[in-house]
Amino acid sequence: MRPCKLDFPTALTMTALLVGFLLLGPPPSAARSLEQIKTTGEIRVCIAPILPAYAVLLDPGCRDDCRFSGPVHREVMAFVRYMGNTIRPVLRSVEWDEYFQDATGRTDREAAYTPRMLATDYCDLYAGHLTRNEWRLKKVDFAILFPSRMMVIVNHSKKGVLKNADDLAGKTAAVEKDTSFHTWLMEKNKTAYAHNPIVMKLMSTDESLAATERGEVDFTLVDADVALWRQSHTFRHVDVAFPVGPVDEIGWAFRREDGDLRDAVQNFFDTQASDGTSELNRIWKEDFGVTLPQFKALINATK
């Protein structure tokens, strides 16, 4: 059989197409719909174990098919049971700063894109207590589990010194990069604290709480659910001073095109929250000391 010869114009065309493909990169992988997840019998859930109040990675260094403990893990398993146990959860451990990174490994707050962990189908969803805010909505969509507010956490020695948001000007805060707390502090340094900005030390959430407990910084910020968890678990030498910022919405994150999966999770959240005896309310009572309706009432009382 004689080899097929390409004429010169056709060869040039194919070469141009190949170069164009290489420059543009491969097309993005299609999002896994809820139907595809059901068909494969596998849901890929990514969790960033940044704090024991969220999740603890039981096998240090594990990235794929990992074992976790903690409230977020329990919430994920409750969702799997809610779906009828027809789907096997594959739990993957990710670093916090990986959640919103683009294809180059960089988080660009201003750009609209699908984070690479979701775009490559490595994660079907991010399970955690993630705050819904403007810059994240350019990248993901949310199913909302509960409202919350940021709580200022101080060392015992600062309890009578830092009494309201005005007292934070010029102080030193420990905070994790690209969290909602980091975002709030940066915005305040441009406005209310522009004359006397807060000094920020960037470290992990767990390290931020530890630095506050040791008195190395003036304060840190956590969400109200973490503040409740802390009261019965760790960090005995810090106090919840006062709330700051608006009421936030917190939940799990998804690709913006995966509306069917997001809606299934939102239905799970809403149905379980409205039933005082549900598994989700039992998890919250055991881990945070209150049910979801009770927690929502506490947040409404801080307005």
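Because the structure is a prediction, the values reported are computed rather than measured.

**Structural notes on the pattern of salt bridges**
Right, on to step 1. Inspection of the entire model under this criterion finds 23 salt bridges.
Right, on to step 2. Put simply, Arg74 and Glu286 hold a salt bridge, and the shortest N to O gap is 2.6 Å. In this pair, Arg74 sits in helix H3 (residues 71-82) while Glu286 sits in helix H9 (residues 279-288), placing the two residues 212 residues apart along the sequence.
Right, on to step 3. Taking relative accessible area as the criterion, Arg74 reaches 28% and is therefore assigned partly exposed.

**Brief notes about the packing of H3 against helix H8 (residues 259-273)**
Right, on to step 1. Between H3 and H8, the least distance of the axes is 11 Å, while the angle of their chain directions is 100°. The angle between the axes of H3 and H8 places the two elements in the roughly perpendicular class. Touching Glu75, Ala78, Phe79 and Tyr82 of H3 are Ala264, Val265, Asn267, Phe268, Thr271 and Gln272, all from H8.
Right, on to step 2. Per-class residue counts for the contact of H3 with H8 are 6 nonpolar, 3 polar and 1 charged.

**Comments concerning the confidence of the model for the protein**
Right, on to step 1. In the predicted model, the protein carries a mean pLDDT of 89, and 88% of its residues have values of at least 70.
Right, on to step 2. Under a pLDDT of 50 for its full length, residues 1-30 has, in the predicted model, 8 contacts with residues more than four places off or in other chains.

**Regarding the sheet that holds strand S7 (residues 172-175)**
The pairing of strands in a sheet comes from backbone hydrogen bonds and takes either a parallel or an antiparallel form.
Right, on to step 1. The mixed open sheet is built from 8 strands, whose spatial order is S4-S1-S5-S10-S6-S9-S7-S8. Each having just a single partner strand, strand S4 (88-93) and strand S8 (199-202) make up the two edges of the open sheet. Each adjacent strand pair in this sheet contributes to an overall mean axis angle of 30°, direction not counted.
Right, on to step 2. The pairing of S7 with strand S9 (residues 219-223) spans 2 bridges and is classified as parallel. Bridge assignment links Ala174 to a residue of S9, and that residue is Thr220.
Right, on to step 3. Each of strand S5 (125-131), strand S6 (141-155), S7, S8, S9 and strand S10 (238-254) touches helix H5 (residues 180-190); the most contacted strand, S9, lies at about 125° to it.
Right, on to step 4. In this fold H8 packs onto strand S1 (42-47), S5, S6 and S10, with an angle of close to 60° to the strand it touches most, S6.

How each quantity is defined
Residues numbered from 1 in each chain as written. Predicted model: local features only at pLDDT ≥ 70, side-chain atom pairs only at ≥ 80, totals over all residues. Heavy atoms only, no water. Salt bridge = Lys/Arg side-chain N within 4 Å of Asp/Glu carboxyl O. Helix = DSSP H or I, 4+ residues; strand = E, 2+ residues; numbered from the N terminus. Buried < 20%, exposed > 50% of the residue type's maximum accessible area, 1.4 Å probe, protein only. Axes fitted to C-alpha atoms, helices over the stretch in contact; angles between N-to-C directions. Parallel < 35°, antiparallel > 145°, perpendicular 65-115°, else oblique. Contact = heavy atoms within 4.5 Å. Nonpolar A, V, L, I, M, F, W, Y, C, P; charged D, E, K, R; others polar. pLDDT = per-residue confidence, 0-100. Pairing = 2+ DSSP bridges.

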